[in-house]
Amino acid sequence: MSQSTLKLNSTLMLLSCEKLTKRFQEANKQPLTIFENISFQLKQAEKVAIVGRSGSGKTTLLNILGGLESPTSGAVYFMEKDLTQLNEKEKSHIRNHQLGFIFQSHHLLPEFDALENVCMPLLIRGMKPHEAQKQSIEILKKVGLSHRIQHKPGMLSGGERQRVAIARALVTRPKLVLADEPTGNLDFQHTQQIYDIMLGLMEALNTSFVVVTHDLELASLMDRTLKLQQGQLGQ
Ligand SMILES: Nc1ncnc2c1ncn2[C@@H]1O[C@H](COP(=O)(O)OP(=O)(O)O)[C@@H](O)[C@H]1O
Ligand SMILES: [Mg+2]
């Protein structure tokens, strides 16, 4: 495929990875290839699950999609810009304005309460504290936590912490949410509840979603599932 065709394809998509390869090279060791020549495209509002065994490279791939790690080669077009060609400042701007991350373990700031954690990305953007609080309270209500806004993460249950993390990822109304086993530490009932909340909010906001999960039943709730195995991404 020519460079101009690649560019044209990528502009029709929200996210388009072209021939991504990731290798780790440690001193005096053979290079470790995690995946090679992976291509993958995501449309606006599309929801995709990535499944694969532990160690298959799912977290590495998700981090590359969000510009948190660099591939060894290949391109990641997000909203027509190749993330691999941007500097840290440009990438942070995109992460703060267009992307939401939900991690396996919530990554909330322990010394701040639920409301302050959710406000954080809005304040980083430069929103006035009063407005940031108003929007954060609104989304905390939507995830069913209006009675817990002044609780710090240590005073919340696992499911509640994960709901705060979802609120924080979605409060900025991102174009794309990347989630790495977001319910990996929760029991089945809480997992179902979290997915209902996440998918409901994203439906309302027209958000695209890439989720890494072990749970095939939950993967089946997405528009499609891709499998990462032996360094290749397939159906
Ligand atoms: N910084 C690193 N240096 C060397 N190897 C790494 C590094 N990060 C991840 N790996 C290796 O890459 C492989 C894929 O890791 P990861 O993406 O975390 O897999 P998964 O999320 O599917 O469990 C693993 O074998 C892991 O040990
Ligand atoms: Mg992982």
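Structure shown above.
Presented here is an overview of the structure given in this document. Every chain is numbered on its own, with residues counted from 1 as its sequence reads. Throughout, the order in which chains and ligands are written sets their labels, letters from A for the former and numbers from 1 for the latter. Since the coordinates come from a predicted model, pLDDT governs what is reported: local features require at least 70, and pairs of side-chain atoms require 80 or more to be given and counted, while whole-chain, interface and lining totals use all residues. Only hydrogens and water are removed before side-chain values are computed, so all heavy atoms of the structure are retained for them.

The next thing to look at is the site of ligand 1. Being near a molecule or strand, for a residue, means having at least one of its heavy atoms within 4 Å of it. Residues in contact with ligand 1, as listed here, are F24, E26, I34, R53, S54, G55, S56, G57, K58, T59 and T60. For the area figures, the Shrake-Rupley method with a 1.4 Å probe applies, and any residue is considered shielded solely by the protein chains shown. Burial of ligand 1 by the surrounding chains reaches 60%, relative to a free accessible area of 570 Å². Going along the chain from the N terminus, every DSSP run of H or I of four or more residues is numbered as a helix, and every run of E of two or more is numbered as a strand. In terms of residue count, helix α2 (residues 58-65) provides more of the shell around ligand 1 than any other element does, 3 residues in total.

This part is about the nonpolar core. In terms of nonpolar packing, the biggest core is built from 38 residues, with L140, V164, M198 and F209 touching the most fellow members. Looking at this core, the elements with two or more residues in it are β3 (47-51), α4 (114-124), α5 (129-142), α6 (158-170), β7 (176-180), α7 (188-205), β8 (208-212) and α8 (216-219). The element best represented in this core is α7, accounting for 7 residues. With near-sequence residues (within four places) excluded, M198 lies in contact with I102, I166, P182 and F209. Among buried residues, those of type Ala, Val, Leu, Ile, Met, Phe, Trp, Tyr and Cys that are joined through side-chain atoms within 4.5 Å constitute a nonpolar core. Relative accessibility thresholds used throughout: buried, under 20% of the residue-type maximum; exposed, over 50%; partly exposed, between the two (1.4 Å probe, protein chains only). Contact definition: two residues touch when any of their heavy atoms are within 4.5 Å.

Bringing the environment of I166 into the picture now. For I166, the position within the fold is in helix α6. Residue classification places I166 among the buried positions, given a relative accessible area of 0%. The sequence separation of I166 and G100 amounts to 66 residues, and the corresponding C-alpha distance is 8.7 Å. Once residues lying within four places of it in the same chain are set aside, the contact partners of I166 are I102, I194, M198 and L201.

We treat two strands as partners when DSSP finds at least two bridges between them. Strand order across the open sheet formed by 4 strands is β2-β1-β4-β5, with antiparallel pairing between neighbours. Each end of this open sheet is capped by a strand with a single partner; those strands are β2 (32-42) and β5 (81-82). Summarising the sheet, strand β1 (residues 15-24) and β2 pair through 7 bridges and their orientation is antiparallel. Bridge pairing in β2 links K22 to F35. Of the strands in this sheet, β1, β2 and β4 (73-78) touch α2, which is tilted by about 130° from β1. Orientation is described by axes fitted as lines to C-alpha atoms, over the contacting stretch for helices, and by angles from 0 to 180 degrees between their N-to-C directions.

Pairing is mixed in the open sheet, where 6 strands are placed in the order β6-β7-β8-β3-β9-β10. Each of the sheet's edge strands pairs with one partner strand only, and the pair in question is β6 (99-102) and β10 (232-234). Pairs of neighbouring strands in the sheet enclose a mean axial angle of 20°, with direction left out of account. As defined by bridge partners, β3 adjoins strand β9 (residues 224-229) across 4 bridges and the pair is classed as parallel. Paired with V48 across the two strands is R224, which belongs to β9. With respect to the sheet, α2 is in contact with β3, β7, β8, β9 and β10, its orientation differing from that of β7 by roughly 160°. Docked against the sheet, α6 engages β6 and β7, running at close to 170° with respect to β6.

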